[in-house]
Amino acid sequence: LSSYFSKAMSQAGTSQFQEVIRQELEYSMKVELDKILATAPSNELEHTKKDLEGFKKLFHRFLQEKGPSVDWGKIQRPPEDSIQPYEKIKARGLPDNIASVLNKLVVVKLNGGLGTSMGCKGPKSLIGVRNENTFLDLTVQQIEHLNKSYNTDVPLVLMNSFNTDDDTKKILQKYSHSRVKIYTFNQSRYPRINKETLLPIAKGVSCSGENTECWYPPGHGDIYASFYNSGLLDNLIGEGKEYIFVSNIDNLGATVDLYILNHLMNPPNGKRCEFVMEVTNKTRADVKGGTLTQYENKLRLVEIAQVPKAHVDEFKSVSKFKIFNTNNLWIALSAIKRLQEKNAIDMEIIVNPKTLDGGLNIIQLETAVGAAIKSFENSLGINVPRSRFLPVKTTSDLLLVMSNLYSLNAGSLTMSEKREFPTVPLVKLGSSFTKVQDYLRRFESIPDMLELDHLTVSGDVTFGKNVSLKGTVIIIANHGDRIDIPAGALLENKIVSGNLRILDH
């Protein structure tokens, strides 16, 4: 069979493998999953069973699908009214009873990710972002401020993964006296599969020690099933909650917006939206972001991975697809329940290939939360200001949010009024800055960046206290050289290279 496997895999998704092969693969997978289930201790049995059932469905769909899941010819620009400008929604103002509207809201943060890409152990949400505050601290402060200001009870729900659950729960004790109810539920735990054999690499249910690499959380599209299965969805509906606002915990711009909430709860045409996706205008930095299109008379999120190779450049063009998905989503709880019970949430499968430390090639099957937009009724895109998209994926992003470009108020970051341009400077820190601890060591204090347009730093560079950066600044230490920017230095339109010669740019 192995030649079949490699052939099937090389054509995975590009041709219907013979039905026989598909059935063989499904049967082999079932046998392996049953073996894994047999190793589950009784207290984990029910939970593991649910996870493996969900994985089986995903695997079945993976074997069925052929090629990139969009037919490029059917992609159209969305109709005018299907993506509303935020200004228009804000112009409606707010009703007097905004507190009663707020009481129908639940804030959900996607908290499954680790801080590994920034050289940190443990959940990403526990990385310090600003004045010792972590992503989680800022989130709790924002919602607490909301609840105090309007005398409301907006709860916070964290979707954890098996990677982040323990550490997050330990930290939550410190908020026990805050004015925010905090709930958690866990994403599914799925087995990674060997790219050649298409079988799980796990031999048992354990996830510790050498088995940690055998399992993965299957992307944030898993929210619908996990939220429903946890029982939390029903509890919140029972408490009279109607909408969730979902966003990535590392997007510091994703704060509760009362105008959008009011638009959902009191729609101008009387017909409520079940799903709202906040989109924002692309810049050159966002060419790979998923975009909203019209497809078979429905709004549909198209990700770069689904685009046929011949059209990738077209997809990336800022002129044709002007907006991208911020992953700030507003979704009706009753609609999630209805669709989940009908098994009617349709999300494209993202095949994520990885190479493990030992060199083994695996794939993990994932889905994205925004891809479900086409399954909901009366969906809407809202084109929001760029300030609602402030993700911190790298230390370059961290430098921006730690700097005087932003001021912090009740957990929310806002662009300083002293900055004359609405756009954020482009910052590229080299590999010496990738890890948070290295990055922090290289800045004695965060430079003044109010008048910065562009910063590139490469090599062994350190910054003294109270440095000011303006215009375009490029600092490149050659291999073996070190550049120390002295305390109090002002660099305006400068190129600094080699052995600290400062040239005019």
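What you see is a predicted model, and the numbers here were worked out from it, not measured in a lab.

### Re the overall build of the protein chain
From N to C terminus, the protein chain includes 14 helices and 26 strands. Here the C-alpha atoms of the protein chain give a radius of gyration of 24 Å, agreeing with the 23 Å that 2.2 N^0.38 yields for 505 residues. Viewed in the frame of its principal axes, the protein chain has a C-alpha envelope of about 70 × 60 × 50 Å. Residues classed as buried in the protein chain amount to 52% of the 505 residues present. Here the protein chain displays about 23400 Å² of accessible surface, and carbon together with sulfur accounts for 49% of that area. Looking at the protein chain, you have 61 positive and 57 negative side-chain charges, and the mean spots of the two groups are 2 Å apart.

### A short note on the packing of aromatic side chains
Evaluated as defined, the whole model comprises 14 aromatic pairs. Considering the side-chain rings of F55 and F59, the 6.2 Å spacing of their centres and the 20° angle between planes classify their relative orientation as stacked. With a gap of four residues between them, F55 and F59 both fall in helix α3 (residues 42-64), about one helical turn apart. Looking at F59, the relative accessible area reads 1%, which means it is buried.

### With respect to helix α12 (residues 333-341)
Residues that lie three or four places apart on an α-helix share one face, since the helix turns once every 3.6 residues. Residues L333, A335, I336, L339 and Q340 constitute the buried set of α12. The buried residues of α12 occupy an angular sector of 160° when the element is viewed end-on, so they sit on one face. Tucked into the core, α12 has its buried residues touching α8 (223-229), α9 (232-238), β10 (243-248) and β14 (323-332). In the segment just after α12, N343 is the residue with positive phi, at about 55°.

### Quick look at the sheet that holds strand β16 (residues 361-366)
The antiparallel open sheet is built from three strands, whose spatial order is β8-β16-β15. A strand with exactly one partner marks an edge of an open sheet, and here the two such strands are β8 (193-194) and β15 (350-355). One ladder, built from two bridges, connects β8 with β16; its direction is antiparallel. Looking across to β16, one finds that I193 is bridged to I363. This element, α3, spans β8, β15 and β16 of the sheet and lies at about 105° to β16.

### Observations concerning the UniProt feature "binding site: substrate" (unreviewed entry) in the protein chain
The feature "binding site: substrate" (unreviewed entry), as given by UniProt, occupies H220 in the numbering adopted here. Along the chain, H220 falls in the loop between β9 (215-216) and α8. For H220, a relative accessible area of 26% translates into the label partly exposed. In this view, H220 contacts L110, M159, Q187, N248, N327, T367, A368 and V369; residues no more than four positions away in its chain are not counted.

### Examining the pairing of strand β21 (residues 452-458)
By the bridge criterion, four bridges tie strand β20 (residues 426-429) to β21 in an arrangement that is parallel. The residue of β21 that forms the bridge with K428 is T456. Running through helix α14 (residues 436-442), the crossover from β20 to the neighbouring parallel element β21 is left-handed. Bridging between β21 and strand β23 (residues 468-476) involves six bridges; their strand directions are parallel. The residue bridging L455 from the neighbouring strand is V473, located in β23.

### Considerations on the environment of E420
Among the structural elements, E420 can be located in the loop between β19 (412-415) and β20. Each C-alpha atom of the pair E420 and D165 lies 42 Å from the other, and the pair is 255 residues apart in sequence.

### Focus: the side chain of E278
For E278, the location among the structural elements is in strand β11 (residues 275-281). According to the relative accessible area criterion, E278 is buried, its value standing at 0%. Once residues lying within four places of it in the same chain are set aside, the contact partners of E278 are F245, I260, F324, N325, T326, N327, N328, W330, I382, V384 and R388.

### A look at the pattern of salt bridges
Scanning the entire structure with this criterion turns up 27 salt bridges. A salt bridge links D153 to K181; its shortest N-O distance comes to 3.0 Å. Taken together, the positions of D153 in the loop between α6 (135-150) and β5 (156-160) and K181 in the loop between α7 (165-172) and β6 (182-186) put the pair 28 residues apart, joining distant regions of the chain. Judged by its relative accessible area of 40%, K181 falls in the partly exposed class. E274 is the partner of R338 in a salt bridge, and the nearest nitrogen-oxygen pair spans 2.8 Å.

### Quick notes on the sheet that holds β5
Spatially, eight strands are ordered β1-β17-β11-β14-β10-β2-β5-β6 in an open sheet, and the strand pairing comes out mixed. Here the strands that pair on one side only, and so sit at the sheet edges, are β1 (83-85) and β6. Across the sheet, the mean angle from the axis of one strand to that of its neighbour is 25°, orientation sign disregarded. Here β11 pairs with β14 via seven bridges, running antiparallel. Each residue of the ladder has a partner; that of N281, found in β14, is I323.

Procedures and definitions
- Position numbers for residues start from 1 in each chain and track the written sequence from start to end.
- Where totals are concerned, whole chains, interfaces and linings use all residues; where local detail is concerned, this predicted model gives features only for residues with pLDDT of at least 70, and gives and counts side-chain atom pairs only at 80 or more.
- Heavy atoms from the whole structure form the basis of all side-chain values; hydrogens and water molecules are not counted.
- Numbering of helices and strands starts at the N terminus; helices are DSSP runs of H or I of at least 4 residues and strands are runs of E of at least 2.
- In this description the radius of gyration comes from C-alpha coordinates, and the expected globular size is given by 2.2 Å times residues to the power 0.38.
- Exposed residues in this analysis have more than 50% of their type's maximum accessible area, buried residues have under 20%, and partly exposed residues fall in between, with area computed by a 1.4 Å probe over protein chains only.
- All accessible-area figures derive from a Shrake-Rupley calculation using a 1.4 Å probe, and residue coverage is judged against the displayed protein chains alone.
- When charges are counted, Lys and Arg are positive and Asp and Glu negative, with His and the chain ends excluded.
- Here the site of a charge means atom NZ of a Lys, CZ of an Arg, CG of an Asp or CD of a Glu.
- Each aromatic pair joins two rings of Phe, Tyr and Trp (for Trp, the six-membered one) with centres within 6.5 Å, and gets the label stacked for planes under 30 degrees apart, edge-to-face for over 60, and tilted for any other angle.
- It is the directions from the helix axis to the C-beta atoms whose arc is reported.
- Note on definitions: a residue-residue contact is assigned when non-hydrogen atoms from the two residues lie within 4.5 Å.
- Only when DSSP finds a minimum of two bridges between them are two strands counted as paired.
- Simply put, an axis is a line fit to the C-alpha atoms, just over the touching stretch for a helix, and the angle between two N-to-C directions goes from 0 to 180 degrees.
- UniProt positions are given in the numbering used here, feature names are shortened, and annotations may be inferred rather than shown by experiment.
- The path from the first strand over the helix to the second decides the hand: if it runs clockwise while the strands point away from the viewer, the crossover is right-handed.
- The term salt bridge refers to a side-chain nitrogen of Lys or Arg lying within 4 Å of a carboxyl oxygen of Asp or Glu.

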